[in-house]
Amino acid sequence: MSVETLQFQAETKRLLDLVINSIYTNKEIFLRELISNASDALDKLHFEALTNSEILSGDENFEIYVIPDAETKTITISDNGIGMTRGEVISNIGTIAQSGTKAFLEKIRESEGKIDEELIGQFGVGFYSAFIVAEKVELITRRAGENSAVKWTSDGAGEYTLEDTEKESRGTTIILHLKDEFCGGEDFDFTNTYAVENLIKKYSDFIRYPIKMNFEVEDADKNKTVEVRTVNSMQPLWTRNKADIKQEEYEEFFKQQFHEWEAPQEILHTRAEGTMEYTALLCIPKHAAMNLYYSDYEAGLQLYVRHVFVMEKCKDFLPDYLRFVKGLVDSPDLPLNISRELLQQSREVKKIGKALEKYILKQLAKILKNERERYETFWADYGKALKIGVYNNAYDEKAKDDLKDLLMFTTSKDEKLSTLAEYVSRMPESQTKIYCAIGKDKATISQMPQMELLKERGIEVLYLLDPVDEFCIDSLNKYEDKEFQSITREDFELDDAESQKIKSEVAELAKSYEVLLNDVKDALSGAVQEVRLTPHLKTGAVCLSTGANGPSLNMEKTFAAMNNPFFKAVRILELNPNHALFGKLSGLHSLGKDTPEFKNFCELLYAQALLIEGIMPDKPVEVANKIAELMAK
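**Some words on the overall build of the protein**
- The helix and strand tally for the protein stands at 21 helices and 23 strands.
- The dimensions of the protein, computed from C-alpha atoms along their principal axes, are 120 × 60 × 50 Å.
- Expressed as a percentage of its 633 residues, the buried residues of the protein come to 50%.
- Contacts in the protein between residues at least 24 apart in sequence constitute 69% of all its contacts with a sequence separation of at least 6.
- A total of about 31,500 Å² of accessible surface is found on the protein, and carbon and sulfur atoms cover 48% of it.

Shown next as structure tokens:
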């Protein structure tokens, strides 16, 4: 038959333009697409041969060849798969609305055969990715069991030609006549054998059929010969039975695949079947990345579809608080050419993501329960991420419930790590709240004046040492019906009878000092909202507390470090009526509230309270001079 020229359908032209200019921003992706199509063609032949072995005609070696050629400026991808008839070429290539793979699945359904989900593909769209790099594409194909072959040729502009041709064996050969920019360039050179080999290893290493290439080798006498090599591994580690994989194999895989220097802390391998099929091979690296909590950190799992690499960093599987998890997901239920926009909308991706999140948290809970030391090692590196997860899900009770039992905090009990459940289990019956103290380190909290009374009563306190800790606790609000109580909030009080008695006595005493307390507040020129007597101090003279609601001093410092100086805490100055300094303050007040001595003394008490909280007074030199004056008297 002579050469026949045919027009692409209108929708084919539009989609072709979209594929070339929009979908495939990564130019090298065409190789993955065409190799995947070749693998699909071999899958189809293998399936059909199960009931019709004669179709193989004695050739049972399924393989794919990739041949770059710098001299002709071409790259050829060839397979000995099912091939196509003339009609199938028109249907599959001329009309993107139809898909050879989809039609093949329909044929299986009609025959009531068992559906092999791995045959699902997007042949038409994948094939047209060739025009990203090619100015002309030739396709020569011969259907298995047929004697005639057909040649398809197009420059992708709007039409294609068909003609009968000769082909020695079944299958499909695609020849891409490359644009000049993809031949010998610095960024792209698809005529370079070793560059193409690296791309195959990157995108198609786990295709189940051998991908072969020709390599020119030179012997000792400088005689050159061509050596055929298989360049893909063909056996994805994650598809093997977990019982058959050695720990060393897992470790080596993650080192190579994710460029880790050390073996991971934890390796998680899970497979799901049924309505949603996927395999996930995940790890928690030995140590947290230096930029893990910074915006430039790229989180995400590698995405494979039917063992074909699709995306390096798919962020849509795991929530941000699990950003430290590395690994991959392989699913036959996602389209090979799925875009990032479609991933964000994909119901399947959301289902897989939810299942993976649940699985990871379950595994962490198991480690916490059975291997406490291992979990504490994990917590030292990644605990902050889980606390951020609680804060980011402040209005999601289910999410917080999933995380709360994995949280750990250092406490005043031997200054060791404790879960919230362990803390609550040690609470005396009379204690109704979980007490927390905020500070830069354990020593600072231990020396806080409010801690003295709590230590005397034997009450355990959570140490909130990281700026995110307080945000996490505030988001939780309570644990097992026990509310969290900061010992630096104005509503802090102890529940026992003795504490309540002291509180009543101090409240009664405050009535007689009401004028003094108001004058101290006035002397501080609005630096504090209130001055009060406190029942919470033993030997300390003064402390600062903040309003029951709103930001704390710790939050104020955190936001100030982020250049947000307007996030201010309500400051309350608390005075110990049993301290000698209070008696001195009262004596100075009797000489007059406007005297320099009284005002200076008030300012020094406030400066002392600030320093206890680790806050530098606004005018440190002035404070130092006033201290010097006082010492000189």
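**What to know about helix α17 (residues 514–523)**
- Every buried residue of α17 is accounted for by L516, L517, D519, V520 and A523. The arc that holds every buried residue of α17, seen down its axis, measures 165°, which confines them to one face. Across α17 from its buried face, at more than 90 degrees, point the exposed residues E514, V515 and D522.
- Lining the buried residues of α17 we find α16 (497–512), β21 (530–533), β23 (571–575), α19 (580–590) and α20 (596–612).
- After α17 finishes, the residue S525 shows a positive phi value of roughly 50°.

**Some points on the confidence of the model for the protein**
- Scored by pLDDT, the protein has a mean of 86; 91% of the residues are at 70 or more.
- The model gives residues 97–109 a pLDDT under 50, and that stretch makes 31 contacts with residues more than four places away or in other chains.
- Confidence drops under a pLDDT of 50 for residues 111–124, and excluding neighbours within four residues, the segment shows 40 contacts in the predicted structure.

**Regarding the sheet that holds strand β19 (residues 478–479)**
- Strands sit in the order β16-β15-β18-β17-β20-β19 across an open sheet of six strands; the sheet is mixed. Looking at the sheet topology across the chains shown, the edges are occupied by β16 (417–419) and β19.
- In this structure, strand β17 (residues 433–438) lies alongside strand β18 (residues 461–464), joined through four bridges in parallel fashion. Opposite A437, over in β18, you have Y463 as the bridge partner.

**Observations concerning the packing of helix α2 (residues 29–49) against helix α6 (residues 193–204)**
- Contact geometry for α2 and α6: axes closest at 10 Å, N-to-C directions at 65°. The angle between α2 and α6 places the two elements in the roughly perpendicular class. The two elements α2 and α6 meet at a crossing, and its hand is right-handed. Residue-level contacts link I29, L31, R32 and I35 of α2 to V196, L199, I200, Y203 and S204 of α6.

**Re the packing of α19 against α20**
- In contact at an axis separation of 9 Å, α19 and α20 are set at 150° when each is read in the N-to-C sense. As summarised for this structure, α19 and α20 are arranged roughly antiparallel, according to the angle between their axes. In the packing of α19 onto α20, the handedness of the crossing is left-handed. Two secondary-structure elements touch here, α19 through L581, K584, L585, L588 and H589 and α20 through E597, F598, F601, C602, L605 and Q608.
- The residue makeup of the contact of α19 with α20, split by class, is seven nonpolar, two polar and two charged.

**Here we look at helix α14 (residues 449–456)**
- Three or more residues of α14 are buried, namely P449, Q450, M451, L453 and L454.
- Here the buried face of α14 lies against β17, α13 (442–446), β18, β22 (542–546) and α20.
- Once α14 ends, the next one or two residues include G458, with phi positive near 70°.

**Details of the nonpolar core**
- Of all hydrophobic cores here, the largest spans 73 residues; its most connected members are F317, F324, L356, Y375 and L386.
- Residue contributions to this core peak at nine residues, all from helix α9 (residues 347–370).
- Aside from chain neighbours lying at most four places away, what touches L386 is Y321, L322, F324, Y375, F378, W379, L403, L406 and L407.

**Topic: the sheet that holds strand β10 (residues 266–272)**
- Strand order across the open sheet formed by five strands is β10-β11-β14-β12-β13, with mixed pairing between neighbours. Here the strands that pair on one side only, and so sit at the sheet edges, are β10 and β13 (308–314). Each strand of the sheet is rotated relative to its neighbour by a mean of 15°, with strand direction disregarded.
- As paired elements, strand β11 (residues 278–284) and strand β14 (residues 326–330) share five bridges and run antiparallel to each other.

**Section: the pairing of β17**
- Taking burial as the measure, the six residues of β17 include six buried ones, the bulk of the element.
- Along β17, one buried face is formed by K433, Y435 and A437 and the opposite face, lined by I434, C436 and I438, is buried too.
- Taken together, the four bridges between β17 and strand β20 (residues 482–486) define a ladder with parallel strand orientation. If you follow C436 over to β20, its bridge partner there is S486.

How each quantity is defined
Residues numbered from 1 in each chain as written. Predicted model: local features only at pLDDT ≥ 70, side-chain atom pairs only at ≥ 80, totals over all residues. Heavy atoms only, no water. Helix = DSSP H or I, 4+ residues; strand = E, 2+ residues; numbered from the N terminus. Buried < 20%, exposed > 50% of the residue type's maximum accessible area, 1.4 Å probe, protein only. Contact = heavy atoms within 4.5 Å. Areas by Shrake-Rupley, 256 points an atom, 1.4 Å probe, with all protein chains shown as cover. Arc of directions from axis to C-beta. pLDDT = per-residue confidence, 0-100. Pairing = 2+ DSSP bridges. Axes fitted to C-alpha atoms, helices over the stretch in contact; angles between N-to-C directions. Parallel < 35°, antiparallel > 145°, perpendicular 65-115°, else oblique. Left-handed = near helix turned anticlockwise from the far one by under 90°. Nonpolar A, V, L, I, M, F, W, Y, C, P; charged D, E, K, R; others polar. Core = buried A, V, L, I, M, F, W, Y, C linked by side-chain atoms within 4.5 Å.

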